[in-house]
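# Examination of the molecular architecture
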Amino acid sequence: MQNKNRRMLLIKDDSKTTDVFYAALNNLESRHPITVFKNVKLCLKFLNQESTAAPMLFFNLSENSCKCLDEIVSLRNDSKNKDLPIVVYDPLAKLSDEAIFIAGANIYIKKSKDPLELKKVIKKVINLDWQFESGKFNRETFFVSV
């Protein structure tokens, strides 16, 4: 499927981190449609009701990482979402955050404070051909940064 048709789904908490990430997504030249959800439950409801072509979920790993891990697991437990690309982002990302990979996230972005660098990383992730790359995601390819 063409990446230009991909709908970006963003779980938006109340943090400034998510606002910066949303702005970077919104300012991509490709202009992917973006749907923002207040929480994972609303996102799951949307995914179960809509027949959205090739969605990609961006998820802010907040301070409450246990809750975030549970939410990623709940997304993966729904068989309809088994191939949903889940991209986690966090300004404090650590290479040791293996629990996020095990929970079901595909890519972990260390969110840069530089908007141009952040945009570059997001563009790289969006432009992956997820249909062919999904079998190649592993611990070595999990962490993305510039």
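I will try to describe carefully the structure that is included in this document. Computed from a predicted structure; not experimentally measured.

A few words now on helix 3 (residues 65–77). Here helix 3 spans 18 Å end to end across 13 residues, near enough to the 18 Å set by a 1.5 Å rise per residue. Taken as a whole, helix 3 has its buried residues at Cys68, Leu69, Glu71, Ile72, Leu75 and Arg76. For helix 3, the buried positions fall inside an angular range of 160° around the axis, keeping them on one side. Opposite the buried face of helix 3, at more than 90 degrees from it, the exposed residues are Cys66, Asp70 and Asn77. The inward-facing, buried residues of helix 3 contact helix 2 (40–49), strand 3 (56–60), strand 4 (86–90) and helix 4 (98–103).

Overall, the coordinates contain one aromatic pair when judged by the stated rule. Judged by centre distance (5.2 Å) and plane angle (55°), the ring pair of phenylalanine 37 and phenylalanine 46 falls under tilted. Comparing phenylalanine 37 with phenylalanine 46 shows no difference in burial state: the two are buried.

Applying the stated criterion to the full structure yields one salt bridge. The closest approach of N and O atoms between aspartate 83 and lysine 82, which form a salt bridge, is 3.8 Å. Given a relative accessible area of 58%, lysine 82 falls into the exposed group.

Moving on, we get to the environment of glutamate 98. Looking at where glutamate 98 falls in the secondary structure, it is placed in helix 4. Between the C-alpha atoms of glutamate 98 and tyrosine 108, which are 10 residues apart in sequence, the distance is 9.9 Å.

Another point: helix 5 (residues 115–126). Spanning 12 residues, helix 5 covers 16 Å between terminal C-alpha atoms, matching the ideal 16 Å at 1.5 Å per step. Those residues of helix 5 lying buried are Leu118, Lys119, Val121, Ile122, Val125 and Ile126. The arc that holds the buried residues of helix 5, viewed along the axis, is 165°, so those residues lie on one side. Seen from the buried face of helix 5, the exposed residues on the opposite side, beyond 90 degrees, are Leu116, Lys120 and Lys124.

Turning next to the packing of helix 2 against helix 3. The contact between helix 2 and helix 3 brings their axes to 11 Å, and the two run at 10°. Compared by their axis directions, helix 2 and helix 3 come out roughly parallel. As helix 2 runs across helix 3, the sense of the crossing is right-handed. Across the interface between the two elements, Val40, Leu44 and Leu47 of helix 2 pack against Glu71, Ser74 and Leu75 of helix 3. Among the residues making up the contact of helix 2 with helix 3, the classes are represented as four nonpolar, one polar and one charged.

We now examine the nonpolar core. Leu57, Phe59, Ile86, Val88 and Ile100 are the most contacted members of the largest nonpolar core, which has 22 residues in total. Within the residue set of this core, elements represented by two or more residues are strand 1 (8–11), helix 2, strand 3, helix 3, strand 4 and helix 4. In terms of residue count, the dominant contributor to this core is helix 2 (five residues). Apart from the residues lying within four places of it in its own chain, the contact partners of leucine 57 are Leu9, Leu10, Ile11, Cys43, Leu75, Leu84, Pro85, Ile86 and Val87. Among the nonpolar cores identified, the runner-up in size contains 17 residues, and Ile109, Leu118, Val125 and Ile126 belong to it.

As a further point, take the pairing of strand 3. For strand 3, a buried count of five out of five residues is recorded, marking the element as mostly surrounded by other parts of the structure. Residues Met56, Phe58 and Asn60 point to one face of strand 3 and Leu57 and Phe59 to the other, with burial holding for every one of them. Summarising the sheet, strand 1 and strand 3 pair through four bridges and their orientation is parallel. Bridge assignment links methionine 8 to a residue of strand 3, and that residue is methionine 56. Relative to strand 4, strand 3 runs parallel, the two being bridged by four bridges. Bridge pairing links leucine 57 to isoleucine 86 in strand 4.

The rules behind each value
- Numbers given to residues run from 1 along each chain, matching the order in which its sequence is written.
- Restriction of local features to residues with pLDDT of at least 70 applies here, the model being predicted, together with a cutoff of 80 or more for giving and counting side-chain atom pairs; totals for whole chains, interfaces and linings are based on all residues.
- Only hydrogens and water are set aside; all other atoms, that is, all heavy atoms of the structure, feed into the side-chain values.
- Secondary structure elements are taken from DSSP: a helix is a run of H or I of four residues or more, a strand is a run of E of two residues or more, and numbering for both begins at the N terminus.
- Here a helix's expected span is defined as the number of its residues, less one, multiplied by 1.5 Å.
- Classification of residues uses two cut-offs on accessible area relative to the type maximum, computed with a 1.4 Å probe and protein chains only: under 20% is buried, over 50% is exposed, and between them is partly exposed.
- The directions from the helix axis to the C-beta atoms are what the arc is built from.
- Whether two residues are in contact is decided by their heavy atoms: any pair within 4.5 Å suffices.
- When two rings of Phe, Tyr or Trp (its six-membered ring) have centres within 6.5 Å they constitute a pair, described as stacked for plane angles under 30 degrees, edge-to-face for angles over 60, and tilted for the intermediate range.
- Salt bridge criterion: a side-chain nitrogen from Lys or Arg within 4 Å of a carboxyl oxygen from Asp or Glu.
- Only the stretch in contact is used when fitting a helix axis, every axis being a line fitted to C-alpha atoms; angles between N-to-C directions are given from 0 to 180 degrees.
- With respect to orientation, any angle under 35 degrees is reported as roughly parallel, any angle over 145 as roughly antiparallel, any angle of 65 to 115 as roughly perpendicular, and every other angle as oblique.
- Should the near helix be turned anticlockwise from the far one by less than a right angle, the crossing is termed left-handed; should it be turned clockwise, right-handed.
- In this classification, Asp, Glu, Lys and Arg are treated as charged, Ala, Val, Leu, Ile, Met, Phe, Trp, Tyr, Cys and Pro as nonpolar, and every other residue, Gly included, as polar.
- Side-chain atoms within 4.5 Å are what join buried Ala, Val, Leu, Ile, Met, Phe, Trp, Tyr and Cys residues into a set we call a nonpolar core.
- A pair of strands counts as paired when DSSP detects no fewer than two bridges linking them.

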